[in-house]
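# Per-entry structural report
Each chain is listed here by its residues.
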Amino acid sequence: MEKRNLSISTQNKLILLGLVISTLLIVGLAVFAITNIQQKISEVYSGFGEILTKTLAIESVEITKDVQEFDKFSTLQAHTKSIMDSNNEIAFIEFQNDKNEVIYSSKKDFPNRAKQALITSSSQLLADNADGIKINIGKVIVGLSGGATKDISHATKNSMLVVFTVAWLVFTFVILINTILITRELSMLHHGVKKISTGAFGYTLDDKNTSGEIKDLINAFNDMSLRLHQYEEKNVDQLTLERNKFEAVLMSIVNGVVVCDNYDNVVLVNNAAKKMLEVEDEQILNTKIQMYCDTDGELCFKEKIEQFKDTPLDIMENKPLEFNIEVGDKILKCVISPMFSKNQDYVGYVIVLIDVTKEVEIDKMKSNFISNVSHELRTPVTVLRTYIDTLYNHSDDFDEKTNKEFFEVINKEAARLQKMVNDILDFSRLEAGNVKVEKEMTNIVPVIEQEIKCMQVLAEEKNITFSIIKEPNLPDIPINVDSIERALNNLLSNAIKYSPENGRIKVRAELAKDPAYVEISVEDQGCGIPEEHQKKIFERFYRVENDTHTVKGTGLGLHLVKITIEKHHQGEVFVKSKPGDGSTFGFRLPINPVENVEE
Ligand code: ADP
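For clarity, every value in this text was computed on a predicted model and none was experimentally measured. Each chain carries its own residue numbering, running from 1 in the written order of its sequence. Owing to the predicted nature of the model, reporting of local features is limited to residues with pLDDT of at least 70; listing and counting of side-chain atom pairs is limited to 80 or more, with chain, interface and lining totals taken over all residues. Only hydrogens and water are set aside; all other atoms, that is, all heavy atoms of the structure, feed into the side-chain values.

### Looking at the domain arrangement of the chain
- By domain assignment, the chain separates into domain 1 (2–152), domain 2 (199–252), domain 3 (256–353), domain 4 (361–427) and domain 5 (437–590).
- On a C-alpha basis, the centres of domain 2 and domain 3 stand 36 Å from each other.
- Throughout, a residue-residue contact means that at least one pair of heavy atoms, one from each residue, lies within 4.5 Å. Residue-level contacts link four residues of domain 2 with five residues of domain 3.
- Reported buried area values correspond to the accessible surface (1.4 Å probe) lost by two parts on association, with both partners' losses combined. Contact with domain 3 buries area across many residues of domain 2, yet Arg-243, Leu-250 and Met-251 alone supply 91% of it, more than any other trio.
- The salt bridge criterion pairs a side-chain nitrogen of Lys or Arg with a carboxyl oxygen of Asp or Glu, the two atoms within 4 Å. Linking domain 2 with domain 3 are zero salt bridges.
- Distance and chemistry together define a polar contact, namely a pair of N or O atoms within 3.5 Å, with one atom able to donate a hydrogen and the other to accept it when in protein, and with adjacent residues in sequence counting only for side-chain atoms on both sides. For the pair domain 2 and domain 3, the number of links is one residue pair in polar contact (both at pLDDT 80 or more).
- Residues were grouped as follows: Ala, Val, Leu, Ile, Met, Phe, Trp, Tyr, Cys and Pro as nonpolar; Asp, Glu, Lys and Arg as charged; and all remaining residues, including Gly, as polar. In the side of domain 2 that touches domain 3, the residues fall into three nonpolar, no polar and one charged. An automatic or database domain assignment is the source of the domain bounds shown.

Here it is in structure tokens:
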């Protein structure tokens, strides 16, 4: 959430400062104007007092000039009274003779004369003597109460105060209104800019109630926003296209790809990776890769990612970190390499996942093969050496029957050795892929009968009996007799090998369900093969290793049968088996194969 700033903004500070300064200015102006007006009023008032005094002096001399001496006082008194009655401003009038003695004084009945008579002015009383020369006969002093000035200055002060207060209020109001308007427009702009910053390009502001520079600013903002919108649309199309291309490539890669950012969050994962890691988008996207658990619930990436991060980047770049993890029944090889931006900044890492289940299995099988072959070779070689050594040194001590028995064992072991060597040689020959297989139209039944005959000796050792079920009038098929013989030999010797004593082996030669094929099968009553092994049994080096399958071998026999039948004869091999009940191995050969396969 946005943190609200409670301190006064610079703009508000300026407004407050402006208000204070304008208030001070207005108050100062008001004080100056009022003082000035009061001074002027006092000056005018003093002038009025002087004129009044002078007029009174002249009038008083004039009215008493022709009056008898004893009437002078009453005349002056009557005149003074009429003047004082007609003018409220006069506080007192005093007449003095030329010796400054008061000859007459009249005052209004104010409680405090001094207070009332704020301004006093005096004027000489000048009269003509017998020669017509003006002489000073005394003076008149007039005291003015100053009530008018007080009233005027009071009224002026009040009206000035009203005027300036109103002016100040109007000024403040205008400033406030202006501020509110500007703030409203600014906050409108602020809102708009915020919208743009969140990616809402094309957002426009309403310029209806605005004018002047703010209107220009809003128009410029709207223009900018629309341009950004157009630019974005153009770019988004371009980017979407690029991204679609990139995603299509990424998604169609057979290897798994997991992209993590600098904080170990998974930002991209392709279909192959999801399948390999057995996860959906929502389970892995935006989660830390270290948190991924394999099927045993182990954090299989955690340690390796830490090791990756602890290693300098240049080392990781040249020699990415490789390790294997197990997910379900798959073995995945993981390769972690750092990821850089165009500017060579480290932005995360890419994990490439490669399904190496088969390779690891083959590696395992290869090492098993070597140990099996060595074991298989050691037994006949040891037997042969012992028997030959015995015969060489003691043949004269044995009768003919014992010698014959010795030779029989030597012969059997030599045959076993030969078969094994042949298997290995065939395997390397067939794997090399440059075998030429000549075929001729052959009736397969005699070939089968001949092979069974060859196996008879081996079968008799375990008291195993053969039965042949052959369909009459089987068509001739194009085969390479030698290689088909070897294939039959492998199936028959396996059937004998894995059958119990006194077992029975059924060999069938018939038309397959699809009449375009001839089907040959060998059924035994042996230990059988569990379902999960049946799919893999024809793979090279594959052997079933458990309690019931204790017989040693190379794991090549069935693979050679498969190559002979499927690669060289365009047929197909099959197996049906139930553990404990026995197995049926066989193959189907086409009567009219399409010869287009490289031999
Ligand atoms: P090997 O030399 O080990 O016999 P094969 O390729 O001939 O090699 O056979 C592969 C595996 O298939 C054997 O190890 C064995 O476990 C199993 N197998 C082959 N034939 C039979 C059978 N008739 N009955 C039971 N298991 C068999």
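After that view of the structure, there is still more to cover.
### What about the confidence of the model for the chain?
- pLDDT expresses how confident the predictor is about each individual residue, on a scale running from 0 to 100. Averaged over the chain, the pLDDT score is 85; the fraction of residues at 70 or greater is 94%.
- Comment: elements are numbered from the N terminus, with helices defined as DSSP H or I runs of at least four residues and strands as E runs of at least two. Mean pLDDT across the elements of the chain ranges from a minimum in helix H3 (residues 113–116), with 48, to a maximum in strand S14 (residues 517–523), with 97.
- The low-confidence segment residues 1–6, where pLDDT is below 50, has one contact with residues more than four positions distant or belonging to other chains.

### Some points on the sheet that holds strand S16 (residues 582–590)
- Spatially, five strands are ordered S11-S13-S14-S16-S15 in an open sheet, and the strand pairing comes out mixed. Among the strands making up the open sheet, the edge pair consists of strand S11 (465–470) and strand S15 (572–578). For this sheet the average axis-to-axis angle between neighbouring strands, irrespective of direction, equals 15°.
- Packing against the sheet, helix H12 (residues 444–461) makes contact with S11, strand S13 (504–511), S14 and S16, and its axis sits at approximately 170° to S11.
- Comment: axis = line fitted to C-alpha atoms, over the contacting stretch for helices; angle = value between 0 and 180 degrees taken between N-to-C directions. Each of S11, S13, S14 and S16 is contacted by helix H13 (residues 481–498), which is oriented at about 170° to S16, the strand it contacts most. Any two strands with at least two DSSP-identified bridges between them are counted as paired.

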